[in-house]
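Each chain, letter by letter, is given below.
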Amino acid sequence: MVHYGLTLPPDQTETMRITPAADIWIDTGGTCNTDFGQFEIFVHHLLPDNEVATGSVGFTTVSDTQIATGLLKVGETPNTASLGVTFQGTTYDCTVDLETYAVSCSLT
């Protein structure tokens with residue numbers, strides 16, 4: 001955990017970054033597996049209205065010779081996550097609705 005101290009007035013907030021120590025690796029038993037890493041959780045508390053937390057997780061998925069890498073971020077926009085994925089040299093920017101799990105993507 002890294003403590004970033006207080007932000008500047010008028011809305012002073014204390015900010016901490018929490019990074020879990022280990023990656024999570026999922027193997028489906030076939031030719032596909034995913035390695036989740038780059039875990040980070042930022043907690044901003046002492047805000048006037050409520051505590052705000054943002055988080056991100058990076059991943060690499062391998063299936064035979066195909067590889068997809070990406071980063072999922074939550075907490076920047078209410079009820080929405082952003083997802084950036086690179087597959088076969090093409091990068092996609094996606095938005096995930098956290099209520100319906102609908103995903104919309106565009107090429108970058």
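What you see is a predicted model, and the numbers here were worked out from it, not measured in a lab.

Participant: Explain the overall build of the chain to me, please; I cannot follow it from the model alone.
Facilitator: Tallying secondary structure elements over the chain gives zero helices and nine strands in all. The linear arrangement of helices and strands in the chain, starting from the amino end, is β-β-β-β-β-β-β-β-β. In the chain, which comprises 108 residues, the proportion classed as buried is 20%. Sequence separation of 24 or more characterises 21% of the internal contacts of the chain that already satisfy a separation of 6 or more.

Participant: Looking at this structure, I do not really get the pairing of strand β7 (residues 80–87). What am I missing?
Facilitator: With eight bridges joining them, strand β6 (residues 66–77) and β7 adopt antiparallel strand pairing. Within the sheet, the bridge partner assigned to Val74 lies in β7 and is Ala81. If you look at the hairpin formed by β6 and β7, you'll find two residues sitting between the two strands, and Asn79 has a positive phi there, around 60°. Pairing of β7 with strand β8 (residues 90–97) involves eight bridges; the strand directions are antiparallel. Opposite Val85, over in β8, you have Tyr92 as the bridge partner.

Participant: I keep staring at the nonpolar core and nothing clicks. Help me out?
Facilitator: Soluble globular proteins tend to bury their nonpolar side chains together. Phe59, Ala68, Ala81, Leu83, Val85, Cys94 and Val96 form the largest nonpolar core, which has seven residues in total. Broken down by secondary-structure element, the contributors of at least two residues to this core are β7 and β8. In contact with Ala81, not counting residues within four places along its chain, are Leu72, Lys73, Val74, Cys94, Thr95, Val96 and Leu98.

Participant: Explanation requested: the environment of Val85 in the structure shown.
Facilitator: Within the secondary structure, Val85 sits in strand β7. By relative accessible area, which is 14% here, Val85 ends up buried. Placed 17 residues apart in sequence, Val85 and Ala68 show a C-alpha to C-alpha distance of 6.7 Å. Ignoring any residue separated from it by four or fewer positions in sequence, one finds Val85 in contact with Phe59, Ala68, Thr69, Gly70, Thr90, Thr91 and Tyr92.

About the criteria used
- Residues numbered from 1 in each chain as written.
- Predicted model: local features only at pLDDT ≥ 70, side-chain atom pairs only at ≥ 80, totals over all residues.
- Heavy atoms only, no water.
- Helix = DSSP H or I, 4+ residues; strand = E, 2+ residues; numbered from the N terminus.
- Buried < 20%, exposed > 50% of the residue type's maximum accessible area, 1.4 Å probe, protein only.
- Contact = heavy atoms within 4.5 Å.
- Pairing = 2+ DSSP bridges.
- Core = buried A, V, L, I, M, F, W, Y, C linked by side-chain atoms within 4.5 Å.

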